[in-house]
Amino acid sequence: MPELPELDALVEFLRPRLIGDFVTRVDIAELSLLKTVDPSIDALAGLEITEVDRRGKALILGFDGLALVCRFARMGWLNWHDTAPNSPIKMGKGPLGMRVSLASGAAFDLIEPGSKKNAAVSLVRDLSEVTAIASLGPDVLSTTVDELSAALAESTSRIKTVLEDQRIIAGLGNAYTDEILHTAKLSPFATAKTVDTRNLHTALHEVLDTARSSLIGLPPWKIKTAKKRGFSVHGRTGETCPVCGETIAEVSFADKSLQYCPGCQTGGKKLSDRRMDRLLK
């Protein structure tokens, strides 16, 4: 799932290409993608793009009185075309969800490979109309140590769960929480209210600032690939930890998994993995 560093890099790529350009047409190829009906998506035709921004893990395109909110879900992303493709758009076929064609002759696509279509596009007059945006907590990069401490102070949930909760802190998902907790030398199962928030805050900025610096300036088709190369533990089960040399371990859930280093984060202990434990019985 695209998270803060990838979205910031995408925004930096799109701003000089979109602001001041005009939408000529919008084609929806996957009906489940569009979550609003009023105003009609056709209302964008002829409008100037005045803003390109990010809220949490969502891309926001601003127009005169309207905002297009794009949420990519787990597999979604954006493809850019310097010249809009001429090929006809086939409803419900392949990864294409939406194509926005521009007066400059360029176009961009919102794509989502795979059979599960969870990406979402909303055209609204006010961002508060999108529940996922209205309920966002403070952006993770703007959160102070004191704000982070207050957010965690009463929570008995696992720290990884709290960091991924967009209502508490906005912008993080599975991948970067793995990396942040590894940098902070914290178990993903640690109780949130017990962690050293100053250490965690430092790790947040270290991981995210480094990731943003490595991704900004890249085109969309390179951002995702470059993201994976920068990980120390996420997606690296069975590999060697670059810090301590321990073997990176995994905990699997129904729809995702987390990775961690037992040497750096859990005092050498393996975390309980119920899914794997059942398979081994």
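Residues numbered from 1 in each chain as written. Predicted model: local features only at pLDDT ≥ 70, side-chain atom pairs only at ≥ 80, totals over all residues. Heavy atoms only, no water.

Asks: I tried to follow the overall build of the chain on my own but got confused; where do I start?
Replies: The number of helices and strands found in the chain is nine helices and 10 strands. Excluding contacts between residues fewer than 6 apart, the proportion of contacts in the chain whose partners are at least 24 apart in sequence is 66%. Of the roughly 13,600 Å² of accessible surface on the chain, 50% is carried by carbon and sulfur atoms. The average position of the 35 basic charges and that of the 35 acidic charges among the side chains of the chain differ by 7 Å. (Helix = DSSP H or I, 4+ residues; strand = E, 2+ residues; numbered from the N terminus. Contact = heavy atoms within 4.5 Å. Areas by Shrake-Rupley, 256 points an atom, 1.4 Å probe, with all protein chains shown as cover. Lys, Arg positive; Asp, Glu negative; His and termini not counted. Charge placed at Lys NZ, Arg CZ, Asp CG, Glu CD.)

Asks: In this structure, what is going on with the pattern of salt bridges? I would like to understand it.
Replies: A side chain with one charge may pair with a side chain of the opposite charge, provided their charged atoms come close. Taken as a whole and judged by the stated rule, the model has 14 salt bridges. Between D27 and R25 there is a salt bridge, with the nearest N and O atoms lying 2.6 Å from each other. Owing to a relative accessible area of 49%, R25 belongs among the partly exposed residues under this scheme. Residue K160 is joined to E164 by a salt bridge in which the shortest nitrogen-to-oxygen separation is 3.0 Å. With K160 and E164 both in helix α4 (residues 159–164), this residue pair falls four residues apart, about one helical turn. Note on accessibility: K160 and E164 belong to one class, buried. It is possible to trace a salt-bridge network through shared partners that takes in D8, R54, D139 and R212. (Salt bridge = Lys/Arg side-chain N within 4 Å of Asp/Glu carboxyl O. Buried < 20%, exposed > 50% of the residue type's maximum accessible area, 1.4 Å probe, protein only.)

Asks: Before we go on, may I ask you to explain the sheet that holds strand β2 (residues 51–55) in this structure?
Replies: Within a sheet, adjacent strands bond to each other through the backbone by hydrogen bonds, running parallel or antiparallel. Taken in spatial order, the four strands make up an open sheet running β2-β3-β4-β8, and their pairing is antiparallel. Strand pairing shows two members of the sheet lacking a second neighbour, β2 and β8 (120–124), which therefore form its edges. Strand after strand, the sheet turns through a mean of 20° between neighbouring axes, direction not considered. As paired strands, strand β4 (residues 67–71) and β8 are joined by five bridges and run antiparallel to one another. By the bridge assignment for β8, R71 is matched with A120. On top of the sheet, helix α1 (residues 4–18) reaches β2 and β3 (58–62); it is set at about 175° to β2, its chief contact. (Pairing = 2+ DSSP bridges. Axes fitted to C-alpha atoms, helices over the stretch in contact; angles between N-to-C directions.)

Asks: Help me understand the sheet that holds strand β1 (residues 23–28), please; the structure alone is not making it clear to me.
Replies: Read from one edge to the other, the open sheet built from four strands follows the order β1-β6-β7-β5, with strand pairing classed as antiparallel. Each edge of the open sheet carries a strand with a single partner, namely β1 and β5 (77–81). Between one strand axis and the next, the sheet turns through 15° on average, direction left out of account. Lying on the sheet, α1 is in contact with β5, β6 (96–102) and β7 (107–111); it crosses β5 at an angle near 30°.

Asks: Looking at this structure, how should I read helix α5 (residues 174–183)?
Replies: Of all 10 residues in α5, nine are buried; the element is thus mostly enclosed. Backbone geometry just after α5 places K185 at a positive phi near 60°.

Asks: Would you mind going over the packing of helix α3 (residues 145–152) against helix α6 (residues 197–215) with me for this structure?
Replies: When two helices pack together, their arrangement is given by the angle between the helix axes and by the axis-to-axis distance. Look at α3 against α6: their axes get within 9 Å of each other, and the N-to-C directions meet at 120°. The orientation of α3 with respect to α6, classified from their angle, is oblique. The chirality of how α3 crosses α6 is right-handed. On α6, the residues that touch V145, L148, S149 and L152 of α3 are T197, R198, L200, H201 and L204. By residue class, the composition of the contact of α3 with α6 is five nonpolar, three polar and one charged. (Parallel < 35°, antiparallel > 145°, perpendicular 65-115°, else oblique. Left-handed = near helix turned anticlockwise from the far one by under 90°. Nonpolar A, V, L, I, M, F, W, Y, C, P; charged D, E, K, R; others polar.)

Asks: Got a minute to help me understand unusual backbone geometry in this structure?
Replies: Among all residues except glycine, the phi angle is most often negative; among peptide bonds, the trans geometry is most common. Of note, the bond from D38 into P39 is cis; its omega dihedral lies within 30 degrees of zero at 5°. Within the secondary structure layout, P39 lies in the loop between β1 and β2. Positive phi, close to 60°, is recorded for A73, a residue that is not glycine. Structurally, A73 is set in the loop between β4 and β5. Using a relative accessible area of 18% as the deciding quantity, one classes A73 as buried.

Asks: For this particular structure, what's the right way to read the side chain of H234?
Replies: Following the sequence through the fold, H234 ends up in the loop between α7 (220–229) and β9 (249–252). Relative accessible area serves as the criterion here: at 17%, H234 is assigned to the buried category. Only 2.8 Å separates the side chain of H234 from the side chain of D178, close enough to count as a polar contact. Apart from the residues within four sequence positions on either side, H234 is in contact with N174, A175, D178, E179, S257 and Q259. (Polar contact = N/O pair within 3.5 Å; in protein donor to acceptor, adjacent residues only side chain to side chain.)

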